[in-house]
Each structure stands twice: as C-alpha cells, then as structure tokens.
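Okay, here's what each chain looks like letter by letter:
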Amino acid sequence: MTSWSIPIGKTRYNQTVYHNINKIPHAKVAGATGSGKTEFLRYLVTYMCMRYSPKQLEFIIIDLKNGVSFAPFQWFPHVHGIFKTVPEAVDAIKKAYETMVERLIEVERLRAVFRREPVYSRLIVLIDEGGELSPAFAVTDEDKAMRRTAMHYLSSIARIGREPRVNIIYGTQRPDADTLPVAIRGQLEGVFCFRTENELDSKIVLRHEGAEKLRWIPGRFLYKSPLVKHDIEIQSPYVPQKVLKRLIEPLIPSDTFYDIPRDEVRFRDEQVQEAGDVACLETPMKTKRWGRIS
Ligand SMILES: Nc1ncnc2c1ncn2[C@@H]1O[C@H](COP(=O)(O)OP(=O)(O)O)[C@@H](O)[C@H]1O
Ligand SMILES: [Mg+2]
C-alpha cells in the first residue's frame, strides 16, 4: 500500500508534521502576499513528483500569476500542464471533473457485477492565486458564466472527489465568499494558513483569530486538520533553486532549445557605453533605439 503521508514542515520542537492526503483529500493554502504560499506549493509538487510515480500521481497546475512560479515543473512526467489564464484554467478544471465522472461511472459498473475496481492514480488540481478565478472579477457576462462553471466543477470535485481520487489544493490570499464559495471552502478540510494581514482574514480561513499574530517569517503557518485537536505552528520546507535545477534539468529533453534571439537583448557586458567611454572607443559605434549596437 502506498503511504500518502506528506511531510509538511517542522514544529518549534523540531518534530516533523505529516499531512495525509488520502485521509484529507482537499486542502486550502491561504495567507498574505509574501507569506510563503507559492514556495510551499512548489515544495509539495517537487516532493510528491520525486516520491510517487506518474502512475500513482498526476498534477494539473493552475498558476494564475502567469505560470512563472511553476514553469520548471512542466518537465515532470506527472504534470499535465501549467495553466495560466482563466479560460485555460476553466478548461483544465473541466477535464479534471470529467475524469472524476468517468471514474465514478466505471466503478459503478464494476461494482454492479462484483468485479475488482482499479486503483486510480491520484489526480491533484493544484491552484495558486485561485482568487483570480472569482466570478466577481469577470469583465463580461460570458466571462462570468465561464467562471461560475469552474466554481461548479470545483465544488463538485470537492464534494465527491475523495473516492475517485481527484483532489484539490487551493491557494489564495483570502478565501472569502467572493473568491471561494462557502460550499467549496468547507470541503477543503486541510488548512495551511500562513500569516494573514488581519484578524478577519484569519477568521475566514481558520474560523478563529491568530494567523495575523504569526511571526513574520516566510514559510511559517498554522496547520489545521480534522485529525488534529489544535492548530499546529509549523515552518514549511522549501526547495532552493539550485536543488530544483539539479532535480529537473535531467528531465528536460535534449532537443529543447530556448534562447532569446541575440539581437533582442543586451547582456550586461554589452551595455551601451556611457558618453565618456564612447570617446575612447577606437571605432565609434552607432547606438540604435533600445541601445542595440550596430
Ligand atoms: N519556507 C520558506 N523558507 C524560507 N524562505 C521562504 C519560505 N517560503 C517562502 N520564502 C521566501 O519568501 C518569499 C515569498 O514567498 P512566496 O511563496 O512567493 O509568498 P506568497 O506566494 O505567499 O506571496 C520567497 O521568494 C522566498 O524567498
Ligand atoms: Mg504566491
């Protein structure tokens, strides 16, 4: 049996705390800007992709802050895509929903004839800056309808995703009624609450104050779960860029070549010379707009 206990950090007594994603399938990650949400989500993806095979675990990553934070994760075979815009995100959530429905139908059929059920991979829909999906931010009616559909799918996954193993990890600054309907919020039982801006935000996330009083250390959070009596203060791990590079670089296909066209950038050592320096250049150079040297 695969264990789904994920280490999520350490307490002040140096004890490692685990979150069991099998028992608590959905979670929310909240806190003010700069509190460490994105780093924590990046750690979760890295840790889980290193520990589980793509047959055991799949990710759909929705990063509504333009996908920059998760770009390297596209090379993990577990990751089905990094979706950066609202329409892309809605589409991805719909696909996760459809997968869930297909699994449910198959299980129902198999159970009816007393056949063995397959062990499905765990499909995690991981969302960063989920607030951006809110129907409240819609520009047009069409846009609003699309966002509402996404909320509908998410709420369905949150309610019945446990058995078919479709899970949600939802990151946002503050999951208020606008950004996360109460019906979904209640189902995201695992709570990772980083420092909030004020008492009210803490109450929205944890149902009590306290997260606004956390020390201002990035990665410090309160962990709440139906399986623990009291919230636990934890310092989250994070994956330094160097380590991430070492882990992911071997996964990049060798025919991947990406470079910015040479004439569109100026590297530091090619900076346009200052007026004083130009005078001492042997061959004077013409500087075009944007400082390109010809
Ligand atoms: N667990 C951590 N340990 C050390 N530094 C961290 C940790 N988490 C975050 N940081 C630092 O804090 C900065 C902001 O974190 P980030 O995850 O981007 O915040 P948020 O997504 O909540 O706005 C990061 O760039 C990183 O330097
Ligand atoms: Mg962030």
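Criteria and thresholds
- Residues numbered from 1 in each chain as written.
- Chains lettered and ligands numbered in written order.
- Predicted model: local features only at pLDDT ≥ 70, side-chain atom pairs only at ≥ 80, totals over all residues.
- Helix = DSSP H or I, 4+ residues; strand = E, 2+ residues; numbered from the N terminus.
- Buried ≥ 20, exposed ≤ 12 C-beta atoms within 10 Å, placed from the backbone.
- Contact = placed C-beta atoms within 7 Å.
- Near = placed C-beta within 6 Å.
- Nonpolar A, V, L, I, M, F, W, Y, C, P; charged D, E, K, R; others polar.
- Core = buried A, V, L, I, M, F, W, Y, C linked by C-beta atoms within 7 Å.
- Pairing = 2+ DSSP bridges.
- pLDDT = per-residue confidence, 0-100.
- UniProt positions renumbered as here; feature names shortened; annotations may be inferred.
- Axes fitted to C-alpha atoms, helices over the stretch in contact; angles between N-to-C directions.
- Left-handed = near helix turned anticlockwise from the far one by under 90°.

A few points about the overall build of the chain
Thought 1: For the chain, the count of helices and strands is seven helices and ten strands.
Thought 2: Here the chain holds 294 residues, and 34% of them are scored as buried.
Thought 3: In the chain, once contacts between residues fewer than 6 apart in sequence are set aside, the share between residues at least 24 apart is 64%.

Considerations on the site of ligand 1
Thought 1: Near ligand 1 you find G31, T33, G34, S35, G36, K37, T38, E39, P218, G219, S236 and Y238, and these make up its full shell.
Thought 2: Class assignment for the residues of the shell around ligand 1 results in two nonpolar, eight polar and two charged.

With respect to the nonpolar core
Thought 1: Formed by 59 residues in total, the largest nonpolar core has its most connected members in I61, I62, I93, A96, V125, L126 and I157.
Thought 2: Excluding residues that lie within four positions of it along the chain, L126 makes contacts with L41, V45, F59, I61, I62 and I169.

Section: the pairing of strand 3 (residues 27–30)
Thought 1: Neither face of strand 3 is open: one carries A27 and V29, the other K28 and A30, and all of them are buried.
Thought 2: Note: strand 3 against strand 8 (residues 190–194), four bridges, orientation parallel. Among the inter-strand pairings, A27 is bridged to a residue of strand 8, identified as G190.

Description of the pairing of strand 8
Successive residues of a regular strand alternate their side chains across the two faces of the sheet.
Thought 1: Counting buried positions along strand 8 gives five out of five residues, so the element sits mostly inside the fold.
Thought 2: Residues of strand 8 alternate between two faces, with G190, F192 and F194 on one and V191 and C193 on the opposite face, all of them buried.
Thought 3: Pairing geometry for strand 8 and strand 9 (residues 220–224), over four bridges, is antiparallel. Following the sheet pairing, V191 is matched in strand 9 by K224.

What about the confidence of the model for the chain?
Thought 1: Chain-level statistics for the chain give a pLDDT mean of 89 and a share of 87% at 70 or above.
Thought 2: Within the chain, the element-level pLDDT minimum falls on helix 7 (residues 275–278), averaging 49, and the maximum on strand 6 (residues 122–128), averaging 98.
Thought 3: Below pLDDT 50 for its whole length, residues 276–294 participates in twelve contacts with residues either more than four positions away or in separate chains.

Let's talk about the UniProt feature "binding site: ATP" (unreviewed entry) in the chain
Thought 1: The sites that UniProt annotates as "binding site: ATP" (unreviewed entry) are G31, A32, T33, G34, S35, G36, K37 and T38.
Thought 2: Note on placement: K37 falls in helix 1 (residues 37–51).
Thought 3: With 26 C-beta atoms packed within 10 Å, K37 lands in the buried category.
Thought 4: Beyond its immediate chain neighbours, meaning those up to four positions away, K37 contacts V29, G31, G171 and F194.
Thought 5: Tracing the chain through its elements places T38 in helix 1.
Thought 6: T38 has contacts with S69 and D128, leaving out every residue within four places of it along the chain.

Thoughts on unusual backbone geometry
Thought 1: Backbone geometry places N14, a non-glycine residue, at a positive phi of 70°.
Thought 2: Positionally, N14 belongs in the loop between strand 1 (5–10) and strand 2 (16–20).
Thought 3: Phi angles above zero are rare outside glycine, and F114 is one such case at about 55°.
Thought 4: By the secondary structure assignment, F114 is in the loop between helix 2 (86–112) and strand 6.

Some words on the packing of helix 2 against helix 3 (residues 141–160)
Thought 1: Helix 3 packs onto helix 2 with a crossing angle of 35° between their chain directions and a minimal axis gap of 9 Å. Viewed along their axes, helix 2 and helix 3 form a crossing whose handedness is left-handed. Contacts between helix 2 and helix 3 pair V86, P87, A89, V90, I93, K94, A96, Y97 and M100 from the former with M146, R147, T149, A150, Y153, L154, S156 and I157 from the latter.
Thought 2: Its residues assigned to classes, the contact of helix 2 with helix 3 shows 13 nonpolar, two polar and two charged.

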